[in-house]
Amino acid sequence: MTNYAICVLPGDGIGPEVINCARRVLDTLTARGGPGFTYDVHKAGYDLFLETGHSMPDNVLVAAKAADAVLLGAMDVAQIPPQGGDPLGGLRIGLEVSASVRPSRTIPGIPSPAADIDCVVVREVTEGLYSRDEYMGDDDSAYAVRVITRDASTKTARMAFAQAIARQQASGKPARVTAVHKVGVLKLSDGLFLEACAAVAEEFPDIEYETRNIDACAMEMVREPGEFDVILATNAFGDILSDVAAGLAAGLGLAASACIGDRWAYFEPVHGTAPDIAGKGIANPCATILSVAMMLRYLGEDLGADAVEHAVNAVLADGAVRTGDLGGSATSAEMTDAILGQLNAQQ
Ligand code: IPM
Ligand code: MN
């Protein structure tokens, strides 16, 4: 039996709760004859910073690199002062992942503002406006450096086109990549980003390629959500648009993500630590469970990935068991039980 070593970083708030649910899903796959999973669990994030003064110690990054994949819950980065480190940024840069892949689509049975949306935001995650290069000019002025490199832009664009190819193959319909920018203002940085994207687009003549201004793109996503396919964006624009897409679709409770680099990869729900409901056992575990499905696909376990996605979709479509964010009253454990029930019911 294939066995995968998974580095697990539950993090803060609802992170550990949703990670426990996701591990039950993986263990059920194993029990059904699927691959085995060994978990190397490490503390990282705000709680660890409070305990030790560091939010992402070096040994955690070493463990993450030693694993076949990393599964992350959520981290309360906003509360960590600069000297406590930057756990998410550190992980993304350390694992050399460049791009976060964030799919959003309407799901049968789940009410959503958009009648029909099926898109994926491919977002650069290591630089851009979130380069963390900030400084004070004087007491009354502060600066943030927006870093764009050809290398990270090219890697992110390649990931976007790879997604487009996969979607084209799966749907049989033509795929399109939309690169998002504000080049009229950010002439140098978005100029370089678009130059890198256009060069990659030439490698993929079968995929339609277009560019849109960030403001117009956000408006069009709200007005014509069904028009979008693969959205390729720098860090901050992609952060915002991936939440817009999730909001138009089924909400953050179902938004999964994959950060895949050349050597390492990590998987996490798009949502944060949700301090208002942390510890209550009522968080929606689906975003993390769907992130696990993306992890299974990355590991080459397509059958397991399909099984998990089908099980989640079946529970959502049935509607009897739903967490509060989806209008129900189920606990995280009950929602997970229902998903495991669907998994066990599959052939
Ligand atoms: C995300 C989150 C993070 C980000 C925050 C918590 C730093 O919002 O993954 O979308 O923007 O990178
Ligand atoms: Mn975000």
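Structure: see above.
## A closer look at the nonpolar core
And step 1. Within the largest apolar cluster, 65 residues are counted, with the highest numbers of intra-cluster contacts made by Ile6, Leu254 and Ile339.
And step 2. Broken down by element, the residue count for this core peaks at eight residues, all from helix H9 (residues 286-298).
And step 3. Apart from the residues lying within four places of it in its own chain, the contact partners of Ile6 are Phe37, Thr38, Tyr39, Asp40, Ala67, Ala69, Leu71, Met295 and Leu299.
And step 4. Grouped together as the second largest cluster of nonpolar side chains are 19 residues, Cys7, Met56, Val125 and Cys259 included.

## Some thoughts on the site of ligand 1
And step 1. Neighbouring ligand 1 are the residues Val77, Leu88, Arg92, Arg102, Arg123, Tyr130 and Asp239.
And step 2. A distance of 2.9 Å is found between an oxygen atom of ligand 1 and a side-chain nitrogen or oxygen belonging to Arg123.
And step 3. Here ligand 1 loses 75% of its free accessible area of 310 Å² to cover by the protein chains.
And step 4. The residue inventory of the shell around ligand 1, partitioned by class, reads three nonpolar, no polar and four charged.

## Describing the pairing of strand E1 (residues 3-11)
And step 1. Among the nine residues in E1, seven count as buried, and that is most of the element.
And step 2. Here E1 runs beside strand E2 (residues 36-41); their pairing, made up of six bridges, is parallel. Bridge pairing in E2 links Asn3 to Gly36.
And step 3. Taking the sense of rotation as the criterion, the β-α-β connection linking E1, helix H1 (residues 15-31) and E2 turns out right-handed.
And step 4. In this structure, E1 lies alongside strand E3 (residues 69-74), joined through five bridges in parallel fashion. Directly across from Ile6, in E3, lies its bridge partner Ala69.

Rules used in this analysis
- Residues numbered from 1 in each chain as written.
- Chains lettered and ligands numbered in written order.
- Predicted model: local features only at pLDDT ≥ 70, side-chain atom pairs only at ≥ 80, totals over all residues.
- Heavy atoms only, no water.
- Core = buried A, V, L, I, M, F, W, Y, C linked by side-chain atoms within 4.5 Å.
- Buried < 20%, exposed > 50% of the residue type's maximum accessible area, 1.4 Å probe, protein only.
- Helix = DSSP H or I, 4+ residues; strand = E, 2+ residues; numbered from the N terminus.
- Contact = heavy atoms within 4.5 Å.
- Near = heavy atom within 4 Å.
- Polar contact = N/O pair within 3.5 Å; in protein donor to acceptor, adjacent residues only side chain to side chain.
- Areas by Shrake-Rupley, 256 points an atom, 1.4 Å probe, with all protein chains shown as cover.
- Nonpolar A, V, L, I, M, F, W, Y, C, P; charged D, E, K, R; others polar.
- Pairing = 2+ DSSP bridges.
- Right-handed = clockwise from strand over helix to strand, strands pointing away.

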